[in-house]
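This is what each chain is made of:
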Amino acid sequence: MTWFNKQSRLVQLLLLLIPGVNWVTEIVVRWSTWLKKGGLLRLIICVLVTIPSGVAFGLLDFVWVLLFKKLFLQ
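Residues numbered from 1 in each chain as written. Predicted model: local features only at pLDDT ≥ 70, side-chain atom pairs only at ≥ 80, totals over all residues. Heavy atoms only, no water.

1. Some details on the overall build of the chain
Looking only at helices and strands, one finds five helices and zero strands in the chain. Burial analysis of the chain (74 residues in total) assigns 30% to the buried set. Taking all contacts inside the chain whose residues are at least 6 apart in sequence as the whole, residues at least 24 apart take part in 54%. (Helix = DSSP H or I, 4+ residues; strand = E, 2+ residues; numbered from the N terminus. Buried < 20%, exposed > 50% of the residue type's maximum accessible area, 1.4 Å probe, protein only. Contact = heavy atoms within 4.5 Å.)

2. Focus on a nonpolar patch on the surface
A surface patch of nonpolar side chains, about 430 Å² in accessible area, is lined by Leu10, Leu14, Leu17, Ile18 and Val21. Of all the elements, helix 2 (residues 9–17) adds the most residues to the nonpolar patch, at three residues. (Patch = residues over 30% accessible without salt bridge, like charges linked within 9 Å, V, L, I, M, F, W, Y side chains within 5 Å. Areas by Shrake-Rupley, 256 points an atom, 1.4 Å probe, with all protein chains shown as cover. Salt bridge = Lys/Arg side-chain N within 4 Å of Asp/Glu carboxyl O.)

3. Digging into the packing of aromatic side chains
Taken as a whole and assessed by the stated rule, the structure comprises three aromatic pairs. Judged by centre distance (5.7 Å) and plane angle (85 degrees), the rings of tryptophan 31 and tryptophan 34 are edge-to-face. Note that tryptophan 31 and tryptophan 34 are positioned in helix 3 (residues 19–37) at a spacing of three residues, about one turn of the helix. Its relative accessible area of 25% is what places tryptophan 34 among the partly exposed residues. Ring centres of tryptophan 64 and phenylalanine 72 lie 4.8 Å apart, and the angle between their planes is 75 degrees; on these two criteria the pair is classed as edge-to-face. (Phe/Tyr/Trp six-rings, centres within 6.5 Å; stacked < 30°, edge-to-face > 60°.)

4. Section: the packing of helix 3 against helix 4 (residues 40–50)
The geometry of a pair of packed helices is captured by two quantities: the angle between their axes and the separation between those axes. In contact at an axis separation of 9 Å, helix 3 and helix 4 are set at 160 degrees when each is read in the N-to-C sense. Overall, the two elements helix 3 and helix 4 adopt an arrangement that is roughly antiparallel. For the crossing formed where helix 3 meets helix 4, the hand is left-handed. For the pair helix 3 and helix 4, the contacting residues are Trp23, Glu26, Ile27, Arg30, Trp31, Thr33, Trp34 and Lys37 in the first and Arg42, Leu43, Ile45, Cys46, Val47, Val49 and Thr50 in the second. For the contact of helix 3 with helix 4, the per-class residue count stands at nine nonpolar, two polar and four charged. (Axes fitted to C-alpha atoms, helices over the stretch in contact; angles between N-to-C directions. Parallel < 35°, antiparallel > 145°, perpendicular 65-115°, else oblique. Left-handed = near helix turned anticlockwise from the far one by under 90°. Nonpolar A, V, L, I, M, F, W, Y, C, P; charged D, E, K, R; others polar.)

What follows is the structure in structure tokens.
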């Protein structure tokens with residue numbers, strides 16, 4: 001999560017825009033956050049991101065980062 005937040009807004013948006021890359025980015029960011037902070041909601045989001053619906057989360061996060069400068073439910 002720290003690595004993702006240190007990137008420029010353009011790089012963050014590009015990582016979330018490219019379909020295969022956004023899925024990998026979502027998995028790495030979400031699971032690393034859950035390992036550090038824990039929590040049931042974070043675990044549920046991690047599981048949802050890991051299965052193929054992760055691409056939908058990536059697109060949702062793209063819009064969320066564009067509007068609010070952070071990931072959805074993060």
